[in-house]
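If you want the building blocks of each chain, they are given just below.
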Amino acid sequence: MTAPRLDVRLDRIHHNARTLVERLAPRGIAVTGITKATLGSPEVASALVAAGVSALGESRVEGLERLRAAGLGVPLVLVRSPMLSQVERVVAAADVSFNTEPGVLAALAEAARRQGRVHGVVLMVELGDLREGLLPADLEPVARQVAASPHLHLRGIGANLACQSGVVPDDENMAELSTLATGLEASLGIRLATVSGGNSANLAWVSATGAVGRVDDLRLGESILLGTDPLDRLALDGLRTDAFTLVAEVIEAKVKPTQPWGAVGPSAFGAPPRAADRGLAHRAIVALGEQDVDPGDLTPPPGVTVLGASSDHLVLDTGRLVLEPGDEVRFGVGYRALLRAMTSPFVASAYLRPPASATARPHRPEEPLRHLPHGAWRGPLAADR
Ligand SMILES: *Cc1c(COP(=O)(O)O)cnc(C)c1O
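Residues numbered from 1 in each chain as written. Predicted model: local features only at pLDDT ≥ 70, side-chain atom pairs only at ≥ 80, totals over all residues. Heavy atoms only, no water.

Inspection of the region around the ligand gives 13 residues, with Lys-36, Ser-200, Arg-219, Gly-221 and Glu-222 positioned closest. Take Glu-222: an N or O atom from its main chain is 2.8 Å from an oxygen atom of the ligand. Calculation on the ligand without its partners gives an accessible area of 390 Å², and the protein chains cover 93% of this total. For the shell around the ligand, the per-class residue count stands at 4 nonpolar, 4 polar and 5 charged. (Near = heavy atom within 4 Å. Polar contact = N/O pair within 3.5 Å; in protein donor to acceptor, adjacent residues only side chain to side chain. Areas by Shrake-Rupley, 256 points an atom, 1.4 Å probe, with all protein chains shown as cover. Nonpolar A, V, L, I, M, F, W, Y, C, P; charged D, E, K, R; others polar.)

Right, let's talk about the sheet that holds strand S5 (residues 96–99) for a bit. Judged by pairing direction, the barrel is parallel, and its 8 strands sit side by side in the order S2-S3-S4-S5-S6-S7-S8-S9 before closing back on the first. Taken over all neighbouring pairs, the strand axes of this sheet differ in orientation by 30° on average, direction set aside. Alignment of strand S4 (residues 76–78) against S5, held across 2 bridges, turns out to be parallel. Opposite Leu-78, over in S5, you have Ser-97 as the bridge partner. (Pairing = 2+ DSSP bridges. Helix = DSSP H or I, 4+ residues; strand = E, 2+ residues; numbered from the N terminus. Axes fitted to C-alpha atoms, helices over the stretch in contact; angles between N-to-C directions.)

What follows deals with the side chain of Arg-5. With respect to the element layout, Arg-5 can be found in strand S1 (residues 5–9). At 2.9 Å, the side chain of Arg-5 forms a polar contact with the side chain of Asp-7. Side-chain polar atoms of Arg-5 contact the side chain of Glu-328, separated by 2.9 Å. Residues within four places of Arg-5 in sequence aside, it is in contact with Thr-245, Leu-246, Val-247, Glu-328, Arg-330, Val-347, Ala-348 and Ala-350. (Contact = heavy atoms within 4.5 Å.)

As structure tokens, then:
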């Protein structure tokens, strides 16, 4: 099979999404599945819809257009403020967009009129993280502007924390969001269909709080795709962290000294810290680099160390493993590595489904994956981790 590639285990993504949907439902919270780290992959989106997400969210119109073409049967949401230059595409591809700018809202209304549609609007409120959001004092006049347009539908309000300044969702800022929602409903005489509390960083707050207030939606990306909490990057209880694996191919494997020789200056991407002299070591180069992935956000197999990376070479100390050219090495990915790998034209995606029989019982790791050609798992690192 081609390398480098991302092996995507759709059953694990489905498991994570289903687990979160079921965990949040008793609190009255629906899940908007955020596919942006996969650039709007229809395969991933289908797994999320099958798991019960109520909507799909993307930050770019290109991703929404992919989802729209796939016909997934749930509302599609643009979770980044539309570019003024893209309002026509946004109205055509998205049922709802997140907004903070009156001028953009006027342009959306005009595009919706031209296209004979009513475009849904969620107004984002600034709660202290200082990324997107209307200041709370400015919310009501903009909400009135939206409510007054026959081509816009004010669906609700939302907030986003923990992305720009690391402000943590807590009872205080979430209560402020609920208060803003009730206040807006009272002064405009309307009922908001949604109060979108935040992203995966809100999950810890939901588990800890006694009252979620008016929050009835969370937009979940990282927790579904990687099973991790963005606040500490640790695994969330009961979720799979291995839905994505980056597979790279060995192009050189040799025993070499652990110390460079010759006068040493700066290296291509900053010199790696000088390692202790351990004599000779098994080293391998895999055909992978900064053009494909964020090398610092990879988890190598046990016993293997990443020594450094440049544009196209990732150098490994393979410990006691002896690799040969052509062997495949599998890496776990963090969010940054996943995003760059998905975006790189050099990295293929392979969507893997377990054998149909495995849906009836827990998947055993040693079960072969149906559509992989025999012999695809080569070398001592080939076992699915
Ligand atoms: C990316 C994004 C999300 C999803 O964030 P995760 O941490 O991946 O769950 C939610 N809301 C907005 C506005 C986003 O941009």
